[in-house]
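# Close look at the chain arrangement
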Amino acid sequence: MREMCRSVLSACSKQDSFLTTVSNIFHNMIPLTDWFCSLLMHHSTLKWKHGGLCFFVCLGEIFELKAELNSDKKEKKKEAVKKVIASMTVGKDVSALFPDVVNCMQTDNLELKKLVYLYLMNYAKSQPDMAIMAVNTFVKDCEDPNPLIRALAVRTMGCIRVDKITEYLCEPLRKCLKDEDPYVRKTAAVCVAKLHDINAQLVEDQGFLDTLKDLISDSNPMVVANAVAALSEIAESHPNSNLLDLNPQTINKLLTALNECTEWGQIFILDCLANYTPRDDRESQSICERVTPRLSHANSAVVLSAVKVLMKFMEMLPKDLDYYGTLLKKLAPPLVTLLSAEPELQYVALRNINLIVQRRPEILKHEMKVFFVKYNDPIYVKLEKLDIMIRLASQANIAQVLAELKEYATEVDVDFVRKAVRAIGRCAIKVEQSAERCVSTLLDLIQTKVNYVVQEAIVVIKDIFRKYPNKYESVIATLCENLDSLDEPEARAAMIWIVGEYAERIDNADELLESFLEGFHDESTQVQLQLLTAIVKLFLKKPTETQELVQQVLSLATQDSDNPDLRDRGYIYWRLLSTDPVAAKEVVLAEKPLISEETDLIEPTLLEELICHIGTLASVYHKPPSAFVEGSRGVQHKRLPGSAGSGETVESPDTGSAAGVSDAPPAVIPSQGDLLGDLLNLDLTPPATTGPPPPATSGMQLGAMDLLGGGLDSLMGDESEPLGGDLGGSLGMGAGFGAPSAAPAASFSAPVSGGLDDLFDLGGGVGMPMGAYSPPKTVWLPATKGKGLEISGTFARRAGVIQMEMTLTNKAMSVMTDFAIQFNRNSFGLAPAGPLQVLTPLSPNQSIEVSLPLNTVGPVMKMDPLNNLQVAVKNNIDVFYFSCQYPISMLFVEDGKMERQVFLATWKDISNDNEAQFQIKDCHLSSDAASNKLQGSNIFTIAKRTVDGQDMLYQSTKLSNGIWVLAELRVQTGNPTFTVCLKCRAPEVSQCVFQSYEAVLKN
């Protein structure tokens, strides 16, 4: 035996087959004596590759640990488990010891139990079958007299992410949620969130969410904080749920717990408070007074969360209120204190302060000095401080700021110096009284002859000329002296602009521009475009002297250049000059609008959303969560409440919602407001892919092609296609525009009682459905308004895809090509799923049928009427605008059939105020025929019953954005008038749904 083992080891110790060979010895039951173990120790550290990974295992050590784990001595067993954990920590695979370690769970030693649970959490996922062995111990430990062991058991249960054993853990978790010890309850609260992440349906079916809500009223503040944290985490992954039912009573409980829980508990509670909208300014002030003490907390995260709450609730306080001024003063010291931390924390604080000073600069207007740069600040802190300094610059502190910026311009860090010089120019544009001093400072910097300083100074002086025309042109001579030192495109373009703009004041302007023209093809596009315009300006001001120069540049731009932008601009200038020089002068030398101060770069609606995310990554990136969080369609956009005295009604988004049933909107529908420019503020060229578009960001996209022009005015004046309503008004849908994704299971398991008890005991009597209804085509764009292009169309839903079916007719005398289409924002996010496919040119008097697939992932905005769609179609002739109305039945999805118990619970839960009743006349159908027709359009009959000769159909349908509509259709035999009763959490859609009912049944 010894000889065989020795030969095996010597032959295989350096080969990959070593492990297999030793394994075979084990399986052949060769007795491993102490001698063989010592022999193994010489080959203990083995390395082999499998599946691309390297594993380091000590077989001899594993055998020894196995023996020690099964020892009768408690100390020896504990030391063995420690060794196992140590091996696991450094990356060794000790999963082979799983059964032996699990056997050690049966112990009263808390330290040993912790170690075993740690091992279990690490390896349960890779050994799910063996992990079931631990279930009985969990159940037993959850009833242990020691609360630490009970809490340890429930914490470990939450961390074992194995589907097979989750159902066994429900009963122990339920007991721990109602445990007498608060430490166990707070641990169990977090466990619910972890279990929900593994199996959400199980948590809802077991009623854990309702128990979690009850814990918000717990007497222990840490239990309250953990319950809030768990509910918040669940709500983030299910934004359409209404788990945190915030009302004044709940808010009072949270504020009471705020003073006594740990710092991280305070953060969870403060973040929860930030999602609440007070009823009035008195409640807002009361909450602010109770949150203000958190500003003096040592933890910066607590401070930022408190600032977020105060910034939001300040919106509701009247500015003439004494407390408003007091609150402003209290906000400054904690923000200043954050800047004394280490650089990384400083940067996070500065990014948040940047947002705060944009919204309320008065908070830090007297704290300019704290943003002065220190010599040892990292560059990212320096640049952020510089930006805030400009935002806080005012007439009162501009002298101090300029002196500081001039000092920064002499630093050695090139990037920082450039930013400092730019900052001086921004100060000149922002504070008019300081402009002369800023120009003087810039001239001093130009005299230093430092190349990059000179170039940055010229760039900002160009902006100052734009802001203050005919005021500081005396410095042009100084600028021209540095012409030869310019080597950066932006600086060269700025200098060329100055020479062209003020050519009449520069004697040798033609010589200066000609010097740039010598290397025209080597210049960047920016410089080439600027040079072309500058020489045309020079020609219009001095035509006799520069005719040859302008011909040269036009020839270079149009004949020798491959750049389409440059070539197009050259042709435009050439034709202008050759056909109408007077018109050319009016166009090229037109008076330019003054540039405005450009420091507040964040668009107001985006800034409001970012203020609501202070203390999160969104506030550091200065981007909304939807821009960088995966699955961003589930991310809800937050807004600040309406200011006090604005006339806006402010309601909590949670008021009026029934307990236990979600009514949060599945899609945020903003009001139209000032978003009209979004209709065609996008390129109409066909997209490369048909996937969903990136998340829409607020505001106009810079550099995008504005094809709208005056088209919207004519669109609104189109009597044949009325838009209805004032598009400029505020049309917010309100908090109720939404529907439950599903009501909690606890609500549905309640006993069914009341007048509808027998509803679900009868057969539905539903036969085979007919095809989906599609309205006939109507003319959307008459040829008189489309310059000969006539568009008629309709909408259809086939195989779950919405189709926009159009007939394009060319009634003009020229061929039409290059078709593209674009939708404005609309109530349900309708957008083209691909380009408009018109594959052949449309000849005169020719018609072509086009089917455009649509999706519902586009940007959302409430329209009036709700189903109105504004469309722009482009071809080689022009861009044409029209509006049409789509039947809302196109949005009825195929999975809109509710379960019967869910239907009953939801019907009872929706307020009677949301009920609407309509009549459909002249409808000669039986109830079964009506049901079949409606089912073809995804209106599903849940049940049917007959009362006194009247058939009553109970139906459900779901819109593409998650809104559920419940209906009761009454059909009296022999009576052609049907009655339909609709209930929906978003009553705004009821009228459109009724119209679809009428259209489907009568056609």
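Placed above this text is the structure.
Here's what I pulled together on the structure shown here.

Conventions used here
- Residues numbered from 1 in each chain as written.
- Predicted model: local features only at pLDDT ≥ 70, side-chain atom pairs only at ≥ 80, totals over all residues.
- Heavy atoms only, no water.
- Helix = DSSP H or I, 4+ residues; strand = E, 2+ residues; numbered from the N terminus.
- Buried < 20%, exposed > 50% of the residue type's maximum accessible area, 1.4 Å probe, protein only.
- Contact = heavy atoms within 4.5 Å.
- Areas by Shrake-Rupley, 256 points an atom, 1.4 Å probe, with all protein chains shown as cover.
- Pairing = 2+ DSSP bridges.
- Axes fitted to C-alpha atoms, helices over the stretch in contact; angles between N-to-C directions.
- Arc of directions from axis to C-beta.
- Parallel < 35°, antiparallel > 145°, perpendicular 65-115°, else oblique.
- Left-handed = near helix turned anticlockwise from the far one by under 90°.
- Patch = residues over 30% accessible without salt bridge, like charges linked within 9 Å, V, L, I, M, F, W, Y side chains within 5 Å.
- Salt bridge = Lys/Arg side-chain N within 4 Å of Asp/Glu carboxyl O.
- Core = buried A, V, L, I, M, F, W, Y, C linked by side-chain atoms within 4.5 Å.
- Lys, Arg positive; Asp, Glu negative; His and termini not counted.
- Charge placed at Lys NZ, Arg CZ, Asp CG, Glu CD.
- Phe/Tyr/Trp six-rings, centres within 6.5 Å; stacked < 30°, edge-to-face > 60°.

## Thoughts on the overall build of the protein chain
Each helix and strand counted, the protein chain has 41 helices and 15 strands in total. Across the 1003 residues in the protein chain, those meeting the buried criterion constitute 52%. Put simply, 68% of the contacts in the protein chain that link residues at least 6 apart link residues at least 24 apart. When the accessible surface of the protein chain is totalled, it reaches about 45,900 Å², and 51% of it is carbon and sulfur.

## Side note on the sheet that holds strand S10 (residues 879-885)
One open sheet accounts for three strands, arranged S6-S9-S10; its pairing is antiparallel. Strand pairing shows two members of the sheet lacking a second neighbour, strand S6 (820-823) and S10, which therefore form its edges. Taking each pair of neighbouring strands and ignoring which way they run, the sheet shows an average axis angle of 25°. Where S6 meets strand S9 (residues 868-874), four bridges bridge the pair, whose relative direction is antiparallel. In the strand pairing of S9, Ala820 is matched with Lys874.

## Overview of helix H24 (residues 398-408)
Along H24, the positions that sit buried rather than exposed are Ile398, Val401, Leu402, Glu404, Leu405 and Tyr408. Down the axis of H24, the smallest arc covering the buried residues is 165°, so these residues share one side. Of the residues in H24, the exposed ones pointing more than 90 degrees away from the buried face are Ala403 and Glu407.

## Looking at the pairing of S10
For S10, a buried count of six out of seven residues is recorded, marking the element as mostly surrounded by other parts of the structure. Relative to S10, S9 runs antiparallel, the two sharing seven bridges. In the sheet register, Lys874 faces S10, and the bridge partner there is Val879.

## Observations regarding the packing of helix H30 (residues 509-517) against helix H31 (residues 525-541)
Two numbers describe how H30 lies on H31: the axes approach to 11 Å, and their chain directions differ by 155°. In terms of axis orientation, H30 runs roughly antiparallel to H31. As for the relative orientation of H30 and H31, their crossing is left-handed in sense. Residues Ala509, Asp510, Leu513, Phe516 and Leu517 of H30 pack against Leu531, Ala534, Ile535 and Leu538 of H31.

## Looking at a nonpolar patch on the surface
Nonpolar side chains collect at one region of the surface, where Leu617, Tyr621, Phe628 and Val629 lie side by side and expose about 350 Å² of accessible area between them. Mapped onto the fold, Leu617 is located in helix H36 (residues 617-621).

## Regarding unusual backbone geometry
Asp864 connects to Pro865 through a cis peptide bond whose omega is 0°. Here Pro865 lies in the loop between strand S8 (847-855) and S9. Not every positive phi belongs to a glycine, and His622 is a case in point at roughly 60°. For His622, the location among the structural elements is in the loop between H36 and helix H37 (711-716). According to the relative accessible area criterion, His622 is buried, its value standing at 15%.

## Side note on the nonpolar core
Core analysis: the biggest nonpolar cluster contains 210 residues, and Tyr119, Leu173, Leu254 and Phe465 have the highest contact counts within it. If sequence neighbours within four positions are ignored, Tyr119 has contacts with Val84, Ile85, Met88, Val94, Ser95, Leu97, Phe98 and Val101.

## Regarding the pattern of salt bridges
All told, the structure shown has 37 salt bridges when counted by the stated rule. Note that Lys462 and Asp463 form a salt bridge whose closest N and O atoms lie 4.0 Å from each other. Here Lys462 falls in the partly exposed class, since its relative accessible area comes to 24%. By relative accessible area, Asp463 is classed as partly exposed at 26%. Linking Lys958 and Asp895 is a salt bridge whose minimum nitrogen-to-oxygen distance equals 3.3 Å. Residue Lys958 is found in strand S13 (residues 950-958), and its partner Asp895 is found in the loop between S10 and helix H39 (900-909); the two are separated by 63 residues along the sequence. Using a relative accessible area of 48% as the deciding quantity, one classes Asp895 as partly exposed. Where salt bridges share partners, they join Glu315, Arg359, Arg360, Glu362 and Glu608 into one cluster.

## Focus on a negative patch on the surface
A cluster of like negative charges, contributed by Glu511, Glu514, Glu518 and Glu548, occupies part of the molecular surface. Within the element layout of this structure, Glu548 appears in helix H32 (residues 547-558). In this structure Glu548 comes out as exposed when scored by relative accessible area, which is 66%.

## Some remarks on the environment of Phe828
With respect to the helices, strands and loops of the structure, Phe828 is situated in the loop between S6 and strand S7 (831-832). The buried category is assigned to Phe828, whose relative accessible area is 3%. Taking the C-alpha atoms as reference points, Phe828 and Asn961, 133 residues apart in sequence, are found 6.8 Å from one another. Excluding residues within four positions of it along the chain, Phe828 makes contact with Thr856, Leu866, Tyr886, Ile888, Leu891, Leu959, Asn961 and Val989.

## Focus on the sheet that holds strand S3 (residues 778-781)
Strand order in the open sheet made by the five strands is S3-S4-S5-S8-S7, with antiparallel pairing throughout. A strand with exactly one partner marks an edge of an open sheet, and here the two such strands are S3 and S7. The pairing of strand S4 (residues 789-798) with strand S5 (residues 801-810) spans 10 bridges and is antiparallel. Bridged to Thr794 within S5 is Glu805.

## Considering the packing of aromatic side chains
Going through the model one piece at a time under the given rule, you end up with 12 aromatic pairs. Relative to Tyr886, the ring of Phe795 lies with its centre 6.0 Å away and its plane at 70°, an arrangement referred to as edge-to-face. With Phe795 in strand S4 and Tyr886 in the loop between S10 and H39, the pair connects residues that are 91 residues apart, well separated along the chain. For the pair Phe795 and Tyr886, one class covers both residues: buried. Clustering of aromatic rings is evident, with ring pairs tying together Trp780, Phe795, Phe882 and Tyr886.

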